[in-house]
Amino acid sequence: MSPVIEVKQLSKCYKKQPAVKSIDLTVKSGEIYGLIGPDGAGKSSVMQILAGVLSYESGEVKVFDHILDSEMSAEAVKSRIGFMPQGLGLNLYPELSIEENINFFADLRDVPVAEREARKLQLMDMTQLTAFRDRPMKNLSGGMKQKLGLVCTLIHKPELVILDEPTTGVDPVSRRDFWEILSYLVRHEHMTALVSTSYMDEAERFQNLSFFYEGSVLAQGEPDSILDSVEGWVAECDCEEGLNIIGELQSKFSQAELIGKTMRIVAYDVTQEWFEGELLGLLQQHGVSKTVEIRPIELEDAFIGMLHRWEKQKAGDGEFDFGQQDNAVNHFDESPEFDRNAVMIEANELSRHFGDFVAVDEVSFNVRAGEVFGLLGANGAGKSTAIKMLTGLLKPTHGFGQISQSSLERSGREIKQKIGYMSQSFSLYEDLTVHENLKLYGQIYGVPKSRLKQRIHWALQMGSLQDEIDTLAGSLPMGLRQRLALGCALLHEPKVLFLDEPTSGVDPLGRLQFWEILVALAKLKGVAILITTHYMSEAEHCDQLALMQAGKVVANGSPISLREHIADELGMVLSIKVDYPYQALDVLRKNGFEQVSLFGRRIHLFSLVPDRILNQIKKVLSSHEIEIHDTRKMLPSLEDVFIHFIETHAEELPDASPSRVAS
Amino acid sequence: MKWSRIKTVAIKEVLEIWRDKLYLSMAFLIPVLMMIVLGFGMSMDVEKIPFVAVDYDNSEQSRDYLHRYIDSRYFDYKGMKAHESQAEPLMIQNKIRFILVIPPGFQEKLLAGKRVQVQPVIDGLFTYQSKVVRGYVSSINADFNQQLMRQWLKKKRGMNDNDIEALLAPVTLETRYLFNEKLSSLWSTGSGMIMLVMLMAPAVLTALGVVREKESGSIFNIYASTVSRSEFIIGKILPYVVISFVNLLVLSWMALVMFGVPFKGDPVLYLVASLLYVACSTGIGMLVSILVKTQAAAALITMLGTMIPGMMMSGLMIPVNSMEAGAKMEAHLLPAMYQLNIVWGSFLKGQGWPELGTNVLILALHACVLWGISIWRFRKRVKA
């Protein structure tokens, strides 16, 4: 059988700016194929080209054996394709109800009415939208918008669905449901799916994937083979002296970071013996004698390893070394004493209502000096509203907040001097240069002239922006822009820093570098940092976490304690790689393992007694002649944690149905 | 082309407009507001011109002369100044448009039978208004001269009134204005506004409708589906044609009732032509929206692109016959002129099919061309 999609040497430019650089891609019938990579890597362009809605400069694109090289030829395959563009629910019609939206998509594609009704019921049932069929789309939660988008894309039973970032900004439960539905439909309707994502942790969901970066494909194939292609090791070690040696570790190994009291060190393209020897030697030099656990890297680290290699190649003959080139810690020589127990941010039953709608519902937490506190949640969960109340931009309906012992209610101006704030959009002046931006922000925050020069110099050093002083902020790459915005927010040396989704749109390497700076800020200068994000993998960097869902905090604690808590309650995650995953899944479900879910070619399930369950599964599968390739035991991920808390929380609520307008 | 798919697109559009109350009220309120503001505001009548007088003579005769201005409805007397230097600052501040300077010895010279020079100082910035003011001044002045003459003839020659009139003004004018008997600018500009407003409002409304989909991303549903270009364009444009036609009827009713314009022509012709005209103006909006990407650009381009030709090159301000060759050609290329012919013809001139038929036909042609180009230029597989 010929492949559904066959792309050779495809290139695409926007006004001479290359977006896709000569890529190859083959997608076989019946698989879920992933395009993974940061924003701006070229994924969307490829998807639009394949959906026949975007033209390209060179290469060959075949979909269902039709060469797509003109508007006419593209029309020929459109009846067999479903395309969902990027942006959650943005392609839907806000004023129309769920049902009207679905009907529009069906009628546009000439689905006969009887067939439409049957299909609609089936899909609404599967996505649990039936009860809300008359609700206008604009009043749906993010997760429901995503599901409606999926239903609309599937209503004409396409043979190929192209879904552009369907999971971005959606809560973990909706994300899991989405994958369940998609894999069900792919299995039962012989559909092929091409899905893009910027979440590296979703890579395991795909049977095959292409890893995109700057318009090129850095790796292609099964997740496991990609993992095998990068040799790398992770070491973790608890130690109190982390701060003293982290700088040295960073210059020696590819990556070294501090998460709470745990050090995490990663090395690529080295042997395990070398890594272990070097690391232990270095630790001994500093008189640290702790046990170090060394294990092979996981898929997410493998992607970062590939990026390292790529950057190295670009820089030339191995001169480039990430760790050496930028060493955030070195810019923080002055380490003032600070009281680790001082509560810098206090939220006490903060609530905010907009009419009938409760955006934030009695949220309480403390952030101490030197702590990185992560506020997690989907779009519309109330994160930004909470931050706005704590920065004094919005008055709480109930409750109160304090910033380093000054009440928000009484001392507005005083508080503004104490805090730094960086918003999602970075709020830089794009037509001003790096230096002009820094100068302007310094003046806005009232930094004394004598001090400003010194502070600007510091900010340039910290963000490695020395070579870009006269570059316009608008023409900087996202990573540098982000660090410039951070520098602007820190010019007046605030003791409290608020970051509202600061890493959206930044590539993984840039994110890593950003986090190094944040950790150094907190640990060395005692800045209390409150950060919001919807990247679960970033949450691992935080000392403390709070997960928000529908305005409420549903879980909090340190990342590791949360994961261990779930491991105690639900057990470990068993990951099993099998020959025929679809069949295996059905077999297992029929034999009483109802909680199994599909991750690419792997099957996952929770178990408190993993060894015993594994034996049972082996028996069941071998009786159906399905071979097991390998098995792994893993600690539940933060994603699992949050799904668990959201679900247990939802049961407590009388009306779990989200009926809300995003703030 | 399949009617069911056109209907699908059109119904979706209607539902969206209907539920978005802000957009809906804009769609119907803006044309009405524009009609009121522009209809009354663009009136060309020059009345109540503010002025001050500088009377160096301050005699019985000079006061009599001045009173002719004060009593006129065309002038608005703002007081007396002792010297020109006090009056000129008022002109600079835009508080007055005209200064009347009566020289010393006005009465003395008149009684001695000598010529006197009075100086009207007129603000020349508004050339059209200035000329009109000069006209008013001349006729008041001439009237004063005649009165002096009359008094003299009566006193010195003992002539009766009839003989005096025959001597002074042997030829009199009995002017009759055709089509706009009262020479009310409301009649002509008021009804002409139907043409201008119904060029601008539907174009902007339609342009926003399509670009909104481009901005939100829902246009991808169309790109990726099997709906054809013509089905989409026609389905998308139809609701706006209907809304605009309703608006045009409302504006016509306003012209009849609010501006008191009579309707003397053929109602059927007027309705047919109007429908074709809104098809043209929505077509212009559609064409713009296919070429641009943002709502701001769409609104600005359609606004300027329809307002300037609609005002300057339609015959609304200047008759097409007296335009320069270039402007004249443009006027013939745009639908505005033909619609103005139809509006004025139907309301004021009482014309019907024999006189206006060609105009209706040309509008139909325009509509076809605009829709055709829109369908031809619309791409379901874009470059960026």
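Residues numbered from 1 in each chain as written. Chains lettered and ligands numbered in written order. Predicted model: local features only at pLDDT ≥ 70, side-chain atom pairs only at ≥ 80, totals over all residues. Heavy atoms only, no water.

**Quick notes on the nonpolar core**
Here comes step 1: Core analysis: the biggest nonpolar cluster contains 156 residues, and Leu 50, Leu 182 and Phe 303 of chain A have the highest contact counts within it.
Here comes step 2: Broken down by element, this core gets its largest block of residues, 11 residues, from helix H11 (residues 267–291) of chain B.
Here comes step 3: In this view, Phe 303 of chain A contacts Ile 36, Met 200, Ala 203, Leu 209, Phe 211 and Ile 226 of chain A; residues no more than four positions away in its chain are not counted. (Core = buried A, V, L, I, M, F, W, Y, C linked by side-chain atoms within 4.5 Å. Buried < 20%, exposed > 50% of the residue type's maximum accessible area, 1.4 Å probe, protein only. Helix = DSSP H or I, 4+ residues; strand = E, 2+ residues; numbered from the N terminus. Contact = heavy atoms within 4.5 Å.)

**Looking at the domain arrangement of chain B**
Here comes step 1: What the domain assignment lists for chain B is domain 1 (3–43 + 184–377) and domain 2 (49–168).
Here comes step 2: One C-alpha centre belongs to domain 1 of chain B, the other to domain 2 of chain B; they are set 49 Å apart. (Domains from an automatic or database assignment.)

**Quick word on the pattern of salt bridges**
All names here are of chain A.
Here comes step 1: For the coordinates displayed, the defined rule picks out 53 salt bridges over all chains.
Here comes step 2: Note that Asp 543 is salt-bridged to Lys 523, the shortest N-O span being 2.9 Å. Here Asp 543 is found in the loop between helix H18 (536–539) and strand E23 (544–549), whereas its partner Lys 523 is found in helix H17 (residues 508–525), with 20 residues between them in sequence. Of the two residues, Asp 543 and Lys 523, neither departs from the other in class, the shared state being buried. (Salt bridge = Lys/Arg side-chain N within 4 Å of Asp/Glu carboxyl O.)

**Quick notes on the interface of chain B and chain A**
Here comes step 1: Contacts between chain B and chain A engage 30 residues on the former and 32 residues on the latter.
Here comes step 2: Linking chain B with chain A are five salt bridges.
Here comes step 3: Here Arg 229 of chain B and Glu 71 of chain A are joined by a salt bridge, their closest N and O atoms 3.6 Å apart.
Here comes step 4: Counting the contacts that link chain B with chain A gives 12 residue pairs in polar contact (both at pLDDT 80 or more). (Polar contact = N/O pair within 3.5 Å; in protein donor to acceptor, adjacent residues only side chain to side chain.)

**Here we look at the domain arrangement of chain A**
Bring the parts together and some accessible area is lost; that lost area is often taken as the interface size.
Here comes step 1: In terms of domains, chain A is made up of domain 1 (5–220), domain 2 (227–325), domain 3 (343–516) and domain 4 (572–635).
Here comes step 2: The straight-line distance from the C-alpha centre of domain 2 of chain A to that of domain 4 of chain A is 33 Å.

**Some thoughts on the side chain of Glu 639 of chain A**
Residue and element names in this part refer to chain A.
Here comes step 1: In this structure, Glu 639 sits in helix H22 (residues 638–652).
Here comes step 2: Owing to a relative accessible area of 15%, Glu 639 belongs among the buried residues under this scheme.
Here comes step 3: Once you skip the residues sitting within four places of it in the chain, Glu 639 turns out to touch Pro 172, Arg 175, Asp 201 and Met 536.

**Quick notes on the packing of aromatic side chains**
Here comes step 1: Applying the stated criterion to the full structure yields 29 aromatic pairs over all chains.
Here comes step 2: Ring geometry for Phe 178 of chain A and Trp 179 of chain A: centres 5.3 Å apart, planes at 75°, overall edge-to-face.
Here comes step 3: Classification of Phe 178 of chain A by relative accessible area gives buried; the value is 1%.
Here comes step 4: Under the relative-accessibility criterion, Trp 179 of chain A is labelled buried at 4%.
Here comes step 5: An angle of 20° between the planes, with centres 4.7 Å apart, marks the rings of Phe 365 of chain A and Phe 373 of chain A as stacked. The residues Phe 365 of chain A and Phe 373 of chain A share a single accessibility class, namely buried.
Here comes step 6: Among the aromatic residues, those joined into a ring-pair cluster are Phe 51, Tyr 65, Tyr 69, Tyr 74, Phe 75, Tyr 77, Phe 98, Phe 106, Tyr 136 and Phe 144 of chain B.
Here comes step 7: The lysine or arginine in question, Arg 212 of chain B, covers the ring of Tyr 23 of chain B, its NZ or CZ lying 4.2 Å from the ring centre. (Phe/Tyr/Trp six-rings, centres within 6.5 Å; stacked < 30°, edge-to-face > 60°. Lys NZ or Arg CZ within 6 Å of the ring centre and 35° of its normal.)

**Considering unusual backbone geometry**
Residue and element names in this part refer to chain A.
Here comes step 1: Backbone geometry at Asp 110 places phi at a positive 60°, although glycine is not the residue there.
Here comes step 2: Relative to the assigned elements, Asp 110 resides in the loop between helix H3 (98–108) and helix H4 (113–126).
Here comes step 3: Its identity as a non-glycine residue notwithstanding, Gln 128 has a phi of 55°, on the positive side.
Here comes step 4: With respect to the helices, strands and loops of the structure, Gln 128 is situated in the loop between H4 and helix H5 (142–154).

**Details of the sheet that holds strand E18 (residues 398–403) of chain A**
Residues and elements named next belong to chain A.
Here comes step 1: Across the sheet, four strands lie side by side as E16-E15-E18-E19; this open sheet has antiparallel pairing. The open sheet terminates on both sides in strands that have one partner only, identified here as strand E16 (357–368) and strand E19 (406–407).
Here comes step 2: Relative to E16, strand E15 (residues 343–354) runs antiparallel, the two sharing eight bridges. Looking across to E16, one finds that Ile 345 is bridged to Val 367.
Here comes step 3: Where helix H12 (residues 383–390) meets the sheet, its contacts fall on E15, E16 and E18, and the angle it forms with E15 comes to roughly 120°. (Pairing = 2+ DSSP bridges. Axes fitted to C-alpha atoms, helices over the stretch in contact; angles between N-to-C directions.)

**What to know about the environment of Tyr 56 of chain A**
Here comes step 1: Tracing the chain through its elements places Tyr 56 of chain A in the loop between helix H1 (43–50) and strand E4 (58–63).
Here comes step 2: Residue Tyr 56 of chain A is classed as buried on the basis of its relative accessible area of 13%.
Here comes step 3: A sequence separation of 43 residues divides Tyr 56 of chain A from Cys 13 of chain A, and the C-alpha atoms of the two residues are 7.4 Å apart.
Here comes step 4: Beyond its immediate sequence surroundings of up to four residues, Tyr 56 of chain A is in contact with Leu 10, Ser 11, Lys 12, Ile 49, Val 61, Leu 68 and Asp 69 of chain A together with Arg 381 of chain B.
Here comes step 5: Here Leu 68 of chain A takes part through its backbone oxygen, which lies 2.3 Å from a polar atom of the side chain of Tyr 56 of chain A.

**Let's talk about the packing of helix H3 (residues 60–70) of chain B against helix H6 (residues 127–157) of chain B**
All names here are of chain B.
Here comes step 1: Packing of H3 against H6 brings their axes to within 10 Å, and their N-to-C directions diverge by 135°. In terms of axis orientation, H3 runs oblique to H6. Where H3 crosses over H6, the two elements pack in a sense that is right-handed. Between H3 and H6, the residues in contact are Gln 61, Asp 64, Tyr 65, Arg 68 and Tyr 69 and Val 137, Ile 140, Asn 141, Asp 143, Phe 144, Gln 147 and Leu 148, respectively. (Parallel < 35°, antiparallel > 145°, perpendicular 65-115°, else oblique. Left-handed = near helix turned anticlockwise from the far one by under 90°.)

**Quick notes on H5 of chain A**
Here comes step 1: Taking 1.5 Å per residue as the helical rise, H5 of chain A with its 13 residues ought to reach 18 Å, and the 19 Å between its terminal C-alpha atoms agrees with that figure.
Here comes step 2: By the criterion of burial, H5 of chain A is predominantly enclosed, with 13 of the 13 residues buried. (Expected span 1.5 Å × (residues − 1).)

**Structural notes on helix H16 (residues 478–490) of chain A**
All names here are of chain A.
Here comes step 1: With 13 residues, H16 ought to run about 18 Å at 1.5 Å a step, and its terminal C-alpha atoms sit 18 Å apart, in line with that.
Here comes step 2: Most of H16 sits inside the fold, with 12 of its 13 residues counted as buried.
Here comes step 3: Where H16 is concerned, the buried positions are Gly 479, Leu 480, Arg 481, Gln 482, Arg 483, Leu 484, Ala 485, Leu 486, Gly 487, Cys 488, Ala 489 and Leu 490.
Here comes step 4: Taken together, the buried residues of H16 touch strand E20 (419–422), helix H14 (434–444), helix H15 (449–462), strand E21 (496–500) and H17.

**Re the pairing of strand E3 (residues 98–102) of chain B**
Residues and elements named next belong to chain B.
Here comes step 1: Of all five residues in E3, five are buried, a share of seventy percent or more.
Here comes step 2: Of the two faces of E3, both are covered, the one formed by Phe 98, Leu 100 and Ile 102 as well as the one formed by Ile 99 and Val 101.
Here comes step 3: Bridging between strand E1 (residues 49–55) and E3 involves five bridges; their strand directions are parallel. If you follow Asp 55 over to E3, its bridge partner there is Ile 102.
Here comes step 4: Bridge analysis of E3 against strand E4 (residues 119–122) gives four bridges, and the strand direction is antiparallel. Counterpart to Leu 100 in the pairing with E4 is Pro 120.

**What to know about the sheet that holds strand E25 (residues 572–578) of chain A**
Residues and elements named next belong to chain A.
Here comes step 1: Spatially, the four strands line up as an open sheet ordered E26-E27-E25-E28, and their pairing is antiparallel. Edge strands, defined here as strands with exactly one partner in the open sheet, are strand E26 (597–599) and strand E28 (628–634). Direction aside, neighbouring strands of the sheet carry axes that sit 30° apart on average.
Here comes step 2: One ladder, built from three bridges, connects E26 with strand E27 (residues 602–607); its direction is antiparallel. Pairing of Leu 598 across the sheet is with Ile 603, part of E27.
Here comes step 3: On the sheet, helix H20 (residues 581–590) packs against E25, E26 and E27 and is oriented at approximately 160° with respect to E26.
Here comes step 4: Its contacts with the sheet put helix H21 (residues 610–623) on E25, E27 and E28, and the angle it makes with E25 is roughly 25°.

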